[in-house]
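Report on the structure
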Amino acid sequence: MVLQEEQESFSFQAEVTQLLNLMANSLYSNKEIFLRELISNASDAIDRLRFERFSQQRAEENAEKPWIRVGFDADAKTITIADNGIGMGRDEVIENIGTIARSGTMEFLRGLTGDQRADANLIGQFGVGFYSAFVVAERVVLVTRRAGLDADQAVRWESDGAGEYSLSAAERDEPGTTIVLHLREGETDLLNSFRLRTIVQRYSDHVGVPILMPVEGSEGSEDESAVNEASALWRRPKSELVEKDYHDYYRHITGDFSEPLTHLHSKVEGRYDYTLLLFVPSNAPYDLWVRDARRKVRLHVQRVFIMDDDGQLMPDYLRFVSGIIDSSDLPLNVSREILQSSLAVEHIRSSATKKVLKLLKDLAEKEPEKYAGFWKEFGTVLKEGIADDYSNRQDVAELLRFTSTHSSTENADVSFRDYIGRMKDGQDTIYYLLAPSFAAATASPHLEAFRAKGVEVLLLGEAVDNWVVGGLMQEFDGHRLQSVAQGAPPDLGDTAEEKEGIEEAAEAHADLIAKVKELLDGKAWDVRVTNRLTTSPACIVAAEPDTDINLAQRMRGTGLPNQPVLELNPEHPIVRRLNAHPDDPRLADWAHVLFNQAVLTMGARVEDPASFVTHLNDLLVTLTEES
Ligand SMILES: Nc1ncnc2c1ncn2[C@@H]1O[C@H](COP(=O)(O)OP(=O)(O)OP(=O)(O)O)[C@@H](O)[C@H]1O
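Every chain is numbered independently, its residues counted from 1 as its sequence is written. Residues qualify for local features only when their pLDDT is at least 70, as the model is predicted, and side-chain atom pairs are given and counted only at 80 or more; totals for whole chains, interfaces and linings, by contrast, use all residues. With hydrogens and water stripped out, all remaining heavy atoms of the structure feed into the side-chain values.

Looking up the protein in an unreviewed UniProt entry gives the name Chaperone protein HtpG, with the organism given as Actinomadura meridiana. UniProt positions are given in the numbering used here, feature names are shortened, and annotations may be inferred rather than shown by experiment. What UniProt records for the protein under Sequence similarities (unreviewed entry) is the sentence "Belongs to the heat shock protein 90 family."

Rendered as structure tokens:
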């Protein structure tokens, strides 16, 4: 009665209510995951208690063995999940169960697709696990006692998930949390020992704490046994583990239902002893591009969970990697500050990075199709490694994939090595073109001579590519990287005759060039004849040593490099005609039209479109009059 009087009502945060509605409606086909989520919370609570006791040097208090209990009562139509973990104080209950602290929740709500499987998958990733209880329960009662508080300082939380919850004082014999789910009508199929056992084994076999259930057939008695394996999976020898164990474990720590693409399990002994169990997911996590998103590698010390990575264990460009790093060299009460200056951590990070890069290299060599899938999901992130990880730059570069003039599709499937293997005799430069899209790249006049000579060009289209080839990677394995839209026309193995031809053309067009240059004063930094073109009359390139034309374009947004050079194709009928009639009164119109055309073909902006159209129309009128 006293307890009843002290009961207080609270409203859920608006997002929680929204989430609860979604849970009940969209997750129904995957309703079993509630058990996985609640067991996972219980196991986290046990880890946190263990850590708190170690770090406060109260390890001797850890006499009670950790456990999680799952039981049911067919008459009362309840399922109970209990643990002897850290528990929660009153304020913690209000903070954790009733609000959603994570900023990612709105992203979660936005991320819901309506596809039940995909949505169920998101739940674990976003940390909204507890609320999944309401998928099967019409009422949830949680009694929890914070470790360190007395038996009568426990808290009872209760809700029907419809917008409000109540809190009251309670008693609990030992620290920990008990959650009672009052099942909805029609959920009685879950009130079955075999069914619950199967769900626990399917989802939670790898949980490192024994999950106790009454021995089958002796429900109601005290007999109980562990239904799961209950050992730290990463500490078990590889020879004992099968692929499924890894997949289950991956699902446990990430909440991702799809199978990981690949994993690495390695026990390292030497100056520092540690175990790595790292996974590369098949699909990009929702928060791959969210700044300060939760890292996915967890640090353990001698099996005890210590903390989530904060950027110390995995470099940023490998932020999609999830898993466990378990060190034997760090103290259990290690703080973030200690981690930052720890030689052991530095060593582990460097070796884990190298191992992940090696894992990806092996995947690329042995399972190129899988690697193609990886590249599609994570290629853009991996490219950041060229900027961020100087010491592994070469290894990261080996992993890069591009589209090229050799590719028949837009898929990026060409590595620097592939390119080098297809180089023409005498070619020692790797050519690339930065363009805003694959379509723009393949239509670019800058490729004409390369096509004619069969010289491959890498086609780069991502903003990050500017940094990869623009500034950071001057060369790969001794081969210079060169933009096809920059500098003097390239020597593509031209014959002596061809070289002579271009010199002659330059001489033969000297007057025309001088005039056009004058007419385009202030627009074109230079004008010259070129052998870069076969079908177009003109193109614009960046003068060396200016930055790459497209880099300048992206940075300034105008579309033109700082020093635009107009190149004319002496073989083109328009240029031939102009050269044959040096006193053509329409030369100014021609010069402006050729210049602006070239501006347009590179996807840039014509500065004065009205005057361009006037010049063009004047020419068309003349041609009409002539014919
Ligand atoms: N059994 C428990 N014992 C102690 N604290 C708990 C327990 N269950 C939940 N909590 C607290 O409630 C919080 C919210 O739980 P919820 O399952 O909604 O998300 P989460 O556990 O933080 O995220 P994730 O499921 O991704 O790990 C937890 O972070 C934890 O602090």
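1. Brief notes about the packing of helix α18 (residues 510-519) against helix α21 (residues 587-601)
Under this scheme, a helix contributes an axis fitted over its contacting stretch, all axes are lines through C-alpha atoms, and angles between N-to-C directions fall in the 0 to 180 degree range. Put simply, DSSP marks the helices as runs of H or I at least four residues long and the strands as runs of E at least two long, and each gets a number from the N terminus on. Put simply, α18 and α21 touch, their axes get as near as 9 Å, and they point 75° apart. The angle between α18 and α21 places the two elements in the roughly perpendicular class. In this structure, α18 uses Leu512, Lys515, Val516 and Leu519 to contact α21, whose residues at the interface are Leu587, Ala588, Ala591 and His592. Tallied by class, residues from the contact of α18 with α21 come to six nonpolar, one polar and one charged. Angle categories: roughly parallel below 35 degrees, roughly antiparallel above 145, roughly perpendicular from 65 to 115, and oblique for all the rest. Any two residues having at least one pair of non-hydrogen atoms within 4.5 Å are treated as being in contact. Residue polarity is assigned by list, with Asp, Glu, Lys and Arg as charged and Ala, Val, Leu, Ile, Met, Phe, Trp, Tyr, Cys and Pro as nonpolar; anything else, Gly included, falls into the polar class.

2. A closer look at the pattern of salt bridges
The salt bridge definition used is simple: a Lys or Arg side-chain nitrogen within 4 Å of an Asp or Glu carboxyl oxygen. Across all of its chains, the model carries 31 salt bridges by this definition. Between arginine 236 and glutamate 240 there is a salt bridge whose closest N-O contact spans 3.6 Å. Where aspartate 465 meets lysine 383, a salt bridge forms, and the shortest distance between an N and an O atom there is 2.8 Å. Of this pair, aspartate 465 sits in helix α16 (residues 463-472) while lysine 383 is found in helix α11 (residues 368-388), placing the two residues 82 residues apart along the sequence. Of the two residues examined, aspartate 465 and lysine 383, each falls in the buried class. When salt bridges that share partners are traced, they join Lys31, Glu32, Glu187, Asp189 and Arg195 into one network. Exposed residues in this analysis have more than 50% of their type's maximum accessible area, buried residues have under 20%, and partly exposed residues fall in between, with area computed by a 1.4 Å probe over protein chains only.

3. So, the packing of aromatic side chains
In this analysis, rings of Phe, Tyr and Trp, with Trp reduced to its six-membered ring, are considered paired at centre separations within 6.5 Å, and the interplanar angle assigns stacked below 30 degrees, edge-to-face beyond 60, and tilted for intermediate values. Evaluation of the coordinates by the stated rule reveals 15 aromatic pairs. Ring plane angle 40° and centroid distance 5.2 Å describe the contact between phenylalanine 12 and tyrosine 165, whose orientation is recorded as tilted. Placement of the pair is phenylalanine 12 in the loop between β1 (8-11) and α2 (14-26) and tyrosine 165 in strand β6 (residues 164-170), with a sequence separation of 153 residues. The class of phenylalanine 12 is buried, set by a relative accessible area of 6%. An angle of 65° between the planes, with centres 4.8 Å apart, marks the rings of tyrosine 431 and phenylalanine 450 as edge-to-face. Note that tyrosine 431 is positioned in strand β16 (residues 429-434) and phenylalanine 450 in helix α15 (residues 448-453), a separation of 19 residues in sequence. Here tyrosine 431 matches phenylalanine 450 in class, with each residue buried. Ring pairing ties together the aromatic residues Phe10, Phe12, Phe130, Tyr131, Trp157 and Tyr165, which thus form one cluster. The ring of tryptophan 67 has arginine 69 lying over it, and the distance from NZ or CZ to the ring centre is 4.3 Å. Working rule: Lys NZ or Arg CZ, within 6 Å of ring centre, within 35 degrees of ring normal, means a charge sits over the ring.

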